[in-house]
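So the chains spell out like this:
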Amino acid sequence: MSHTILEVKDLYASVGEITILKGVNLSVQAGEIHAIMGPNGSGKSTLSKVIAGHPAYSLISGDILFFGKSVLEMEPDERARAGIFLAFQYPVEIPGVSNADFLRIALNSRRKFRGLSELSPLEFFQLITEKINLVGMEESFLTRNVNEGFSGGEKKRNEILQMALLDSSLSILDETDSGLDIDALRVVANGINTLAKPTNSIILITHYQRLLDYIIPDFVHIMSNGKIVKTGDFSLAQDLEKYGYDRIK
């Protein structure tokens, strides 16, 4: 029997004076992959950032439940340690911090939250060596600064490597397919498919069907004007590709 990992209840949120989310409702069960699609400005990325606790966004009303408990009073780092992972559309560079150090600190912070012992550098290296093959990255990436000088595809692979390492219960991937050539898209999609398990859930935010050719979602939601206006299965994404947003809405 599946259980609810995420429940978004009548969520309204703003940036400054502008209300962007206008009553979003969403329920995600363990083992499910959900795709959220919609035109620019529909609120897709805002929803992902509000769930993750981004400080630039203000909650007006509604609630976000993670395993049945509200996360509204939790800071972004607390949400991450609890098991909410957000892969950014534009991953940031962190000069002066090696990828290996960044990943090990993040992993140990999550392990500590879960009551597990922290990994030593040697134990971490053994684990990361397994995970790095999943996303087609070379070990040399570990000694480079986080995302510094990385291509668009390398940055996205690095995000999926974080996802693999942190073993989060809820992974939200914000336009992970943007800027990827077809080979990089296949590698990233294969990594995501490998990480999908009956115990976790994934939300894919995307403009295009092409990512969904490689990752078949259980549900497709269309956002427009700050709310989810239509929900269906994979065929909804196919209809969207054929007819566009206006006819589907």
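Since this is a predicted model, take the numbers as computed values, not measurements. (Residues numbered from 1 in each chain as written. Predicted model: local features only at pLDDT ≥ 70, side-chain atom pairs only at ≥ 80, totals over all residues. Heavy atoms only, no water.)

(A) Quick look at the overall build of the protein. Across its full length, the protein holds seven helices and 12 strands. Scaling as 2.2 N^0.38, a compact globule of 249 residues should have a C-alpha radius of gyration of about 18 Å, and the protein matches this with 18 Å. C-alpha atoms of the protein, sized along the principal axes, occupy 55 × 40 × 40 Å. Relative to all contacts within the protein whose residues are 6 or more apart in sequence, the contacts with residues 24 or more apart total 70%. Accessible area for the protein stands at about 11700 Å²; split by element, carbon and sulfur atoms hold 51% of it. Seen as two clouds, the 25 positive and the 31 negative side-chain charges of the protein have centres 3 Å apart. (Helix = DSSP H or I, 4+ residues; strand = E, 2+ residues; numbered from the N terminus. Rg over C-alpha atoms; globule rule 2.2 N^0.38 Å. Contact = heavy atoms within 4.5 Å. Areas by Shrake-Rupley, 256 points an atom, 1.4 Å probe, with all protein chains shown as cover. Lys, Arg positive; Asp, Glu negative; His and termini not counted. Charge placed at Lys NZ, Arg CZ, Asp CG, Glu CD.)

(B) Inspection of the nonpolar core at higher detail. Ranked by size, the top nonpolar core spans 42 residues in total, and within it Ile160, Leu173 and Leu204 carry the most contacts. Apart from residues lying up to four places away in sequence, Leu204 is in contact with Ile33, His34, Ala35, Ile36, Leu173, Leu211, Leu212 and Ile215. If you look at the next biggest cluster of nonpolar residues, it comprises 27 residues, including Leu47, Ile64, Phe66 and Ile172. (Core = buried A, V, L, I, M, F, W, Y, C linked by side-chain atoms within 4.5 Å. Buried < 20%, exposed > 50% of the residue type's maximum accessible area, 1.4 Å probe, protein only.)

(C) Representation of helix α6 (residues 182-195). Spanning 14 residues, α6 covers 20 Å between terminal C-alpha atoms, matching the ideal 20 Å at 1.5 Å per step. What α6 keeps buried is the set Ala184, Leu185, Val188, Ala189, Gly191, Ile192 and Leu195. For α6, the arc enclosing every buried residue in end-on projection is 155°, short of the 170-degree limit, so these residues lie on one face. If you follow the buried residues of α6, they end up packed against α5 (152-166), β9 (170-174) and β10 (201-205). (Expected span 1.5 Å × (residues − 1). Arc of directions from axis to C-beta.)

(D) How the structure looks around the packing of aromatic side chains. This structure, assessed with the given rule, holds one aromatic pair. Measuring from ring centre to ring centre gives 4.8 Å for Phe66 and Phe67, while their planes differ by 65°; the resulting arrangement is edge-to-face. Under the relative-accessibility criterion, Phe67 is labelled partly exposed at 37%. (Phe/Tyr/Trp six-rings, centres within 6.5 Å; stacked < 30°, edge-to-face > 60°.)

(E) Examining the environment of Ala35 more closely. With respect to the helices and strands, Ala35 occurs in strand β3 (residues 33-37). For Ala35, a relative accessible area of 0% gives the class buried.

(F) Highlighting the packing of helix α3 (residues 99-113) against α5. α5 packs onto α3 with a crossing angle of 35° between their chain directions and a minimal axis gap of 10 Å. In the crossing of α3 with α5, the sense of the turn from one axis to the other is right-handed. Where α3 approaches α5, its residues Asn99, Phe102, Leu103, Ala106, Leu107 and Arg110 are matched on the opposing element by Asn158, Leu161, Gln162, Leu165 and Leu166. Looking at the contact of α3 with α5 residue by residue, the class counts come to seven nonpolar, three polar and one charged. (Axes fitted to C-alpha atoms, helices over the stretch in contact; angles between N-to-C directions. Left-handed = near helix turned anticlockwise from the far one by under 90°. Nonpolar A, V, L, I, M, F, W, Y, C, P; charged D, E, K, R; others polar.)

Function-wise, these values are silent; they only describe arrangement.
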